[in-house]
There are 2 protein chains.
Amino acid sequence: MNRPSITRLAEALPATVPFVGPERQERERGRPFRARLGANESGFGPSPAVIEAIARAAPEAWKYGDPDNHDLKAALAAHYRIGPANIAIGEGIDGLLGLIVRLFVEPGQPVVTSLGAYPTFNYHVAGFGGRLVTVPYRDDREDLDGLSTAVRRENAPLVYLSNPDNPMGSWWPADEISRFIDTLPETCLLILDEAYSETAPPDALPPLELDRPNVLRLRTFSKAYGLAGMRCGYCIGEAGNIANFDKVRNHFGMSRVTQAAALAALGDQAWLHSVVVKVEAARSLIRLIALENDLKPLESATNFVTIDCGRDGGYALSVMKALLDRDIFVRKPMAPVLDRCIRVSTGPEAELALFREELPKALAAAG
Amino acid sequence: MNRPSITRLAEALPATVPFVGPERQERERGRPFRARLGANESGFGPSPAVIEAIARAAPEAWKYGDPDNHDLKAALAAHYRIGPANIAIGEGIDGLLGLIVRLFVEPGQPVVTSLGAYPTFNYHVAGFGGRLVTVPYRDDREDLDGLSTAVRRENAPLVYLSNPDNPMGSWWPADEISRFIDTLPETCLLILDEAYSETAPPDALPPLELDRPNVLRLRTFSKAYGLAGMRCGYCIGEAGNIANFDKVRNHFGMSRVTQAAALAALGDQAWLHSVVVKVEAARSLIRLIALENDLKPLESATNFVTIDCGRDGGYALSVMKALLDRDIFVRKPMAPVLDRCIRVSTGPEAELALFREELPKALAAAG
């Protein structure tokens, strides 16, 4: 039977997805995880003020959200001492990444990223027909020189860098990032993904240079603010670039309740600081647990710790699977070299205690 | 200064937006509307069970939503007695429309819709480089024969039809829709937008024929369910077509709290029925108010009533502006012939009472 054709581009796309959710794993296993430490969510939860704001907004859920995101933009602008015209709001960083690729990449153009960096970015590049050019990590950090060289060699219009980095937790100091930006051609746009900015050392974040049309900074309420389930990210950049989002974004796409939640989250900096302290303590505990088991925890500026299991990718995969079997949800990097690690999100003490209890058994099971 | 280039397609897009939100109008006016009757939202609100579900989900907002939308799909599948594989979930119909255009339209290809139909669909067609081919309404209904003729003349891969229709509120009976579908080439995909399905007469909705690869049905929790601010729509269709969404959608794009809200909304059919009854009563009241003022209300199968102001588009625009001046938020169709009308959403009696009070003054002001 004849049927409508999807585009040549869509036809060529694989049916794979960036990540399998823990809920699907739970359904397939037939039982829930006891510790949810795999998706770099914040098990410390959102602020009580946010929980209240969500409940308070619920009766108003019949109204479309303000398509201008005015109040949230104004609050972010005040928070960062920048203009609202320097901010775009979107359905998480994932949504914003899709819009950026769509805006800046013609089909067939090269896009530079690190081998093993954020899969959802790669998914969007493929989805809009870009050609991914990858640069291996060096010493478990994204290779700034390598990325810059690849950009110039390929004449790439777009390069992606996360700092602090996911999945390794590593970071570059701000002056190294600034130096990297200076090496980029003015025609190459840098996506600087700072999803983990709140848990990073202050000197990892370069100043906001709003007159640079070739840098877009991405931040989110999904990590330290504890609102992964609400879907709110934002992009900071030069006003002309920010205005481009209005050409392609889903103008009424932001949930009204999410806008209220993000506004309340930003308003409770005391909660944010308390979470950052808890994240730091949890990182220490995860490091301790790793060391207790003769594994090597990597330094982290994020809300997770990546643990070098000391052998090859197959072994680390076995360790991860043995943890999953024991109801501990963790994930792991899959790219060569990085794949010797597992990645454990920070979370409440009770969940880390379960991890502590099960890790030795998982290591024994993995052989 | 050199700067990154946006794509040729993006460069050519206008900076216009499909709709200005009422919040921006309120900011510009410096005072709130007293009646919010312009965006076809449900002023009757979401079910109390939904409000409770949102509040209950709030503490879990730190978890990403299930990217498979499993529970919501299962509930919709049971509701419609279809398979979960026949359902795609998205961030409102707006988000799904963007994905469909992206999947099915190559740049430059013709896409058929009615002149004056849903602007957000047109926005997406432009946004992915499609060429819009419009067919005028006939007698305030979408012209099925005209649409079908245009599809065949243009060899269009995609055609959009809303039934019941926005902005006119008119509808075709199911057998006419089925006949229309039969006239389409098997290679042309029909988007049948049934956002207003819940308020339509049962005989306006053709049966769900899940073996037809050239029909996608769109429905939403934004209208009768009262959840415009949560962003949840769904698409029903042949499993092969539905699977395509997984190639391009934002897999983690659905808010966890929104999934919980939609699930609770679907579970409270008693509330839905009570809203549908209220919508019907409100339609009658709006009709009455129109007739009291010597205006002609059009028949409606939706949650709004379109009112023929009896003169030209400029006059109807003046009436709308005079209502806005009097703090009554309404909208109006802008396409030729349709533009003689204003469009008034159903809503609580208190808001319609304000409309009743202000309409005569607005008409006097419009001259």
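Residues numbered from 1 in each chain as written. Chains lettered and ligands numbered in written order. Predicted model: local features only at pLDDT ≥ 70, side-chain atom pairs only at ≥ 80, totals over all residues.

**A closer look at the overall build of chain A**
- Scanning chain A from terminus to terminus reveals 13 helices and 12 strands.
- Computed over the C-alpha atoms, the radius of gyration of chain A is 21 Å, within 12% of the 21 Å expected from 2.2 N^0.38 for a compact globule of 367 residues.
- Summarising its shape, the C-alpha atoms of chain A cover approximately 60 × 55 × 50 Å along the three principal directions.
- Per-residue burial over chain A gives 55% buried out of 367 residues.
- Long-range pairs, those at least 24 residues apart, make up 73% of the contacts in chain A with a sequence separation of at least 6. (Helix = DSSP H or I, 4+ residues; strand = E, 2+ residues; numbered from the N terminus. Rg over C-alpha atoms; globule rule 2.2 N^0.38 Å. Buried ≥ 20, exposed ≤ 12 C-beta atoms within 10 Å, placed from the backbone. Contact = placed C-beta atoms within 7 Å.)

**Regarding unusual backbone geometry**
- The linkage connecting Asn166 of chain A with the following residue, Pro167 of chain A, adopts the cis geometry, with an omega of 20°.
- Looking at where Pro167 of chain A falls in the secondary structure, it is placed in the loop between strand E5 (158–162) and helix H8 (174–183).
- Unusually for a residue other than glycine, Asn40 of chain B sits at a positive phi of about 55°.
- With respect to the helices and strands, Asn40 of chain B occurs in the loop between strand E1 (35–36) and helix H3 (48–57).

**Side note on the interface of chain A and chain B**
- Across the contact, 74 residues belong to chain A and 73 residues belong to chain B.
- Elements supplying a minimum of two residues to the side of chain A that touches chain B: helix H2 (22–29), helix H3 (48–57), helix H5 (92–104), helix H9 (239–248) and helix H10 (256–267) of chain A.
- Among the elements that take part in the side of chain A that touches chain B, H5 of chain A stands out by supplying six residues, more than any other.

**A look at the domain arrangement of chain A**
Residues and elements named next belong to chain A.
- On domain assignment, one finds that chain A holds domain 1 (20–45 + 270–366) and domain 2 (48–267).
- For domain 1 and domain 2, the distance between their C-alpha centroids amounts to 25 Å.
- Across the boundary between the two partners, domain 1 contributes 25 residues, which contact 23 residues of domain 2.
- Counting residues per element, the side of domain 1 that touches domain 2 draws most heavily on helix H11 (residues 269–292), at five residues.
- Here the residues of the side of domain 1 that touches domain 2 are counted per class, giving 15 nonpolar, seven polar and three charged. (Domains from an automatic or database assignment. Nonpolar A, V, L, I, M, F, W, Y, C, P; charged D, E, K, R; others polar.)

**Considerations on helix H7 (residues 144–154) of chain B**
Residues and elements named next belong to chain B.
- Of all the positions in H7, only Leu144, Leu147, Ser148 and Val151 are classed as buried. On an axial view of H7, the arc spanned by its buried residues comes to 95°, and they lie on one face. Looking at H7, the residues exposed on the side facing more than 90 degrees away from the buried face are Asp145 and Arg153.
- In this structure, the buried residues of H7 make contact with strand E3 (110–114), strand E4 (131–135), strand E5 (158–162) and helix H8 (174–183). (Arc of directions from axis to C-beta.)

**What to know about the sheet that holds strand E6 (residues 189–193) of chain A**
Residue and element names in this part refer to chain A.
- The seven strands are arranged E2-E8-E7-E6-E5-E3-E4 in an open sheet whose pairing can be described as mixed. Looking at strand neighbours, the two that pair on one side only are strand E2 (87–90) and strand E4 (131–135), the edges of this open sheet. Sheet twist, expressed as the average angle between the axes of neighbouring strands with direction ignored, equals 20°.
- As paired elements, strand E3 (residues 110–114) and E4 share five bridges and run parallel to each other. Bridge assignment links Thr113 to a residue of E4, and that residue is Thr134. (Pairing = 2+ DSSP bridges. Axes fitted to C-alpha atoms, helices over the stretch in contact; angles between N-to-C directions.)

**Regarding the relation of the copies chain A and chain B**
- When chain A is fitted to chain B, the best match, at an RMSD of 0.0 Å, comes from turning it 180° and sliding it 0.0 Å along the axis. In symmetry terms, the pair is related by a two-fold rotation axis. Looking at the rotation axis and the C-alpha trace of chain A, the residue lying nearest is Ala55 of chain A, at 2.2 Å.
- A shared binding surface is used by both copies, with 99% of the interface residues of chain A retained as interface residues in chain B. (Least-squares fit on C-alpha atoms with pLDDT ≥ 70 in both.)

**Some points on the sheet that holds strand E9 (residues 296–297) of chain B**
Residues and elements named next belong to chain B.
- Taken in spatial order, the three strands of this open sheet run E9-E10-E12, and their pairing is antiparallel. Looking at which strands have only one partner, the edges of the open sheet turn out to be E9 and strand E12 (341–345).
- Relative to strand E10 (residues 304–308), E9 is paired through two bridges, and the arrangement is antiparallel. What sits directly across from Lys296, in E10, is Asp308.

**Structural notes on the packing of H3 of chain A against H10 of chain A**
All names here are of chain A.
- In the contact formed by H3 and H10, the axes pass within 8 Å of each other and the chain directions differ by 155°. As far as their axial angle goes, H10 and H3 are roughly antiparallel. When the axes of H3 and H10 are compared, the crossing they make is right-handed. When H3 is examined against H10, the residues Ala49, Val50, Ala53, Ile54 and Ala57 are found in contact with a partner set consisting of Arg256, Val257, Ala260, Ala261, Ala264, Ala265 and Gly267.
- Tallied by class, residues from the contact of H3 with H10 come to 10 nonpolar, one polar and one charged. (Parallel < 35°, antiparallel > 145°, perpendicular 65-115°, else oblique. Left-handed = near helix turned anticlockwise from the far one by under 90°.)

**Section: the pairing of strand E7 (residues 215–220) of chain A**
Residue and element names in this part refer to chain A.
- Of all the six residues making up E7, six are buried; the element is thus mostly covered by neighbouring parts of the structure.
- Of the two faces of E7, the one holding Val215, Arg217 and Arg219 and the one holding Leu216, Leu218 and Thr220 are both buried throughout.
- Here E6 pairs with E7 via four bridges, running parallel. Bridge assignment links Ile191 to a residue of E7, and that residue is Leu216.
- Summarising the sheet, E7 and strand E8 (residues 233–237) pair through five bridges and their orientation is antiparallel. Across the sheet, residue Leu218 finds its bridge partner in E8, namely Cys235.

**Here's the deal with the environment of Thr134 of chain A**
All names here are of chain A.
- With respect to the helices and strands, Thr134 occurs in strand E4.
- A residue is classified by how many C-beta atoms lie within 10 Å of it, and Thr134, with 17 of them, is partly exposed.
- Note: C-alpha distance between Thr134 and Tyr123 (11 residues apart in sequence) is 14 Å.
- Leave out the neighbours within four places in its chain, and Thr134 touches Thr113, Ser114 and Leu115.

**Section: the confidence of the model for chain A**
- On average, residues of chain A score 97 in pLDDT, and 100% of them are at 70 or above.
- The ipTM assigned to the predicted complex is 0.97, against a pTM of 0.98. (pLDDT = per-residue confidence, 0-100.)

**With respect to the environment of Ala239 of chain A**
Residue and element names in this part refer to chain A.
- Tracing the backbone shows Ala239 in helix H9.
- Residue class for Ala239 comes out partly exposed when judged on the 15 C-beta atoms lying within 10 Å of it.
- Spatially, the C-alpha atom of Ala239 lies 55 Å from that of Gly367, the residues being 128 residues apart in sequence.
- Non-local contacts of Ala239, meaning those with residues more than four positions away in its chain, are made with Gly83, Ala85 and Asn86.

**So, the packing of helix H4 (residues 70–80) of chain A against H10 of chain A**
Residue and element names in this part refer to chain A.
- In contact at an axis separation of 9 Å, H4 and H10 are set at 20° when each is read in the N-to-C sense. Taken together, the axis directions place H4 and H10 in an arrangement best described as roughly parallel. The handedness of the crossing between H4 and H10 comes out as left-handed. Note on element contacts: H10 touches H4 through Gln259, Ala262, Leu263 and Leu266, opposite Asp71, Leu72, Ala75, Leu76 and His79.
- Each residue belonging to the contact of H4 with H10 can be placed in one class, and the counts come to six nonpolar, two polar and one charged.

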